[in-house]
Amino acid sequence: MKPYTISFFVLLFALQASAQHKLPNVVILATGGTIAGAGESSVGTAYTAGKLPIDALLNALPEARKIANLTGEQVASVGSQAMHDSIWLKLAKRINELAAKPEVDGIVVTHGTDTEGETGFFLQLTVKTAKPVVLVGAMRSATAISADGPMNLYNGIAAAASKRSENRGVLVCMNDQLFSAREVTKTNTTNVATFQSPNTGPLGTVFDGKVEYYHSILRKHTIQTEFDISQVNSLPKVDILYGYANMNPVLLEAVVNDKAQGVVIAGVGNGNLYPTVEKRVKEITRKGVVVVRSSRTGSGRVTLNSETDDAALGTIVADDLNPQKARILLQLALLKTKDTKKIQEMFFTY
Ligand code: GLU
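Before going further, it helps to spend a moment on the overall build of the protein. Scanning the protein from N- to C-terminus turns up ten helices and 14 strands. For the protein, the C-alpha radius of gyration of 22 Å lies close to 20 Å, the compact-globule estimate for 350 residues. For the C-alpha atoms alone, the extent of the protein along its principal axes is close to 90 × 45 × 35 Å. Taking all 350 residues of the protein together, 49% fall into the buried category. A separation of at least 24 residues holds for 73% of the contacts in the protein among residues at least 6 apart in sequence.

Okay, here's the thing in structure tokens:
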């Protein structure tokens, strides 16, 4: 080979290396879910979540390496119905370690959709970074026709690689939309448009890898919160009970006997409680169990001392957090205090 041919290749290599160097560095933390699910048939709904490792997902998406330098880590491999506190803590601690590195620009978490909103909110309250943290999932398995995972992952990487995503709290990227983890919830069992933020709508969109925001979250999050999980290895036990006409108060006994420190009740309407349940709630709050009223309606605020007299019952209201998100905030609050006034303030802050 002639010397100038060699120099040409050296130059080409250097140009490529410098282009790569300029790309943002995004770390993908994989936890499993349908996005990593594989099935026998491309049309059936039967599949096993969390089967494919993160490298397989990234290798199937070469386009993503053109918008960011990617590294993948497998944190867990579960369908998100099996998500639990210790994976949340492991994930939050790993994100905090990674985000502290100057060379890391953004983090993507791949997750099953069943509890994606819950993990997102836990991270929203516990990760200490302004860098983008974006959760992505899929409604169709990786082997299904028109699988939505690759596009969600590509868009999620684009969002995590974008400076525009900084200081926005933890985001969930699904179906071309960007949602605040505080607000978003799964609203449909099978549809790809399942993720919605019923009280606020999405924060923005990602289309063809282009990120655009229209709204911001005002509630405190990430670096603004008082929650430090760096030394925490387990979370306080908090259960959720679902309200209904003629609700059985024995359910409360069960969770209290099982040593729950807190209970969230998905009450009817504005978080209202069946009379015999209300009576029992008053007794257990006096014994120090913290009871939060949320609602089974799916949207709106539960308001303090409205139809239900919280001052008399010793209860707290969830504001506009749905029951599963109220549970997470209560778990974190109970790490710090059992004072119901302080906990109520947290529900108006986060
Ligand atoms: N149960 C599965 C999970 O949450 C399926 C939901 C999904 O990922 O779409 O992992």
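Taken together, the side chains of Tyr242, Tyr244 and Leu251 define a hydrophobic patch exposed on the protein surface, amounting to about 290 Å² of accessible area. Assignment of secondary structure puts Tyr244 in the loop between β11 (238-242) and α6 (250-257).

Per the stated rule, a full pass over the model turns up two aromatic pairs. A centroid spacing of 5.2 Å and a plane angle of 55 degrees characterise the contact between Phe227 and Tyr350, whose relative ring orientation is tilted. Of this pair, Phe227 sits in the loop between β10 (210-213) and β11 while Tyr350 sits in the segment after α10 (340-347), and the two are 123 residues apart along the sequence. Like Tyr350, Phe227 is buried. Here the basic side chain of Arg168 rests over the ring of Tyr213, its NZ or CZ set 3.8 Å away from the ring centre.

This next bit is on the pairing of β11. Sheet topology note: the β11/strand β12 (residues 262-267) ladder contains five bridges and is parallel. Residue pairing across strands places Ile240 opposite Val264, the latter belonging to β12. Each parallel crossover has a hand, and for β11 linked through α6 to β12 it is right-handed.

This part is about the pattern of salt bridges. Should the charged atoms of two oppositely charged side chains come close, the side chains can pair. Evaluation of the coordinates by the stated rule reveals 14 salt bridges. In this structure, the salt-bridge partner of Glu97 is Arg94, at a minimum N-O distance of 2.6 Å. One end of the pair, Glu97, and the other, Arg94, are both in helix α3 (residues 85-99), three residues apart, so they sit about a helical turn from each other. Note on Glu97: relative accessible area 46%, which makes it partly exposed. Arg94 sits in the partly exposed class, given a relative accessible area of 22%. Notably, a salt bridge pairs Asp310 with Arg293, separated by 2.8 Å at the nearest N-O pair. Of the two residues, Asp310 is situated in helix α8 (residues 310-313) and Arg293 in strand β13 (residues 290-295); the sequence distance between them amounts to 17 residues. Each member of the pair, Asp310 together with Arg293, is buried. Connected via shared salt-bridge partners are Glu73, Arg94 and Glu97.

About the thresholds
- Residues numbered from 1 in each chain as written.
- Predicted model: local features only at pLDDT ≥ 70, side-chain atom pairs only at ≥ 80, totals over all residues.
- Heavy atoms only, no water.
- Helix = DSSP H or I, 4+ residues; strand = E, 2+ residues; numbered from the N terminus.
- Rg over C-alpha atoms; globule rule 2.2 N^0.38 Å.
- Buried < 20%, exposed > 50% of the residue type's maximum accessible area, 1.4 Å probe, protein only.
- Contact = heavy atoms within 4.5 Å.
- Patch = residues over 30% accessible without salt bridge, like charges linked within 9 Å, V, L, I, M, F, W, Y side chains within 5 Å.
- Areas by Shrake-Rupley, 256 points an atom, 1.4 Å probe, with all protein chains shown as cover.
- Salt bridge = Lys/Arg side-chain N within 4 Å of Asp/Glu carboxyl O.
- Phe/Tyr/Trp six-rings, centres within 6.5 Å; stacked < 30°, edge-to-face > 60°.
- Lys NZ or Arg CZ within 6 Å of the ring centre and 35° of its normal.
- Pairing = 2+ DSSP bridges.
- Right-handed = clockwise from strand over helix to strand, strands pointing away.

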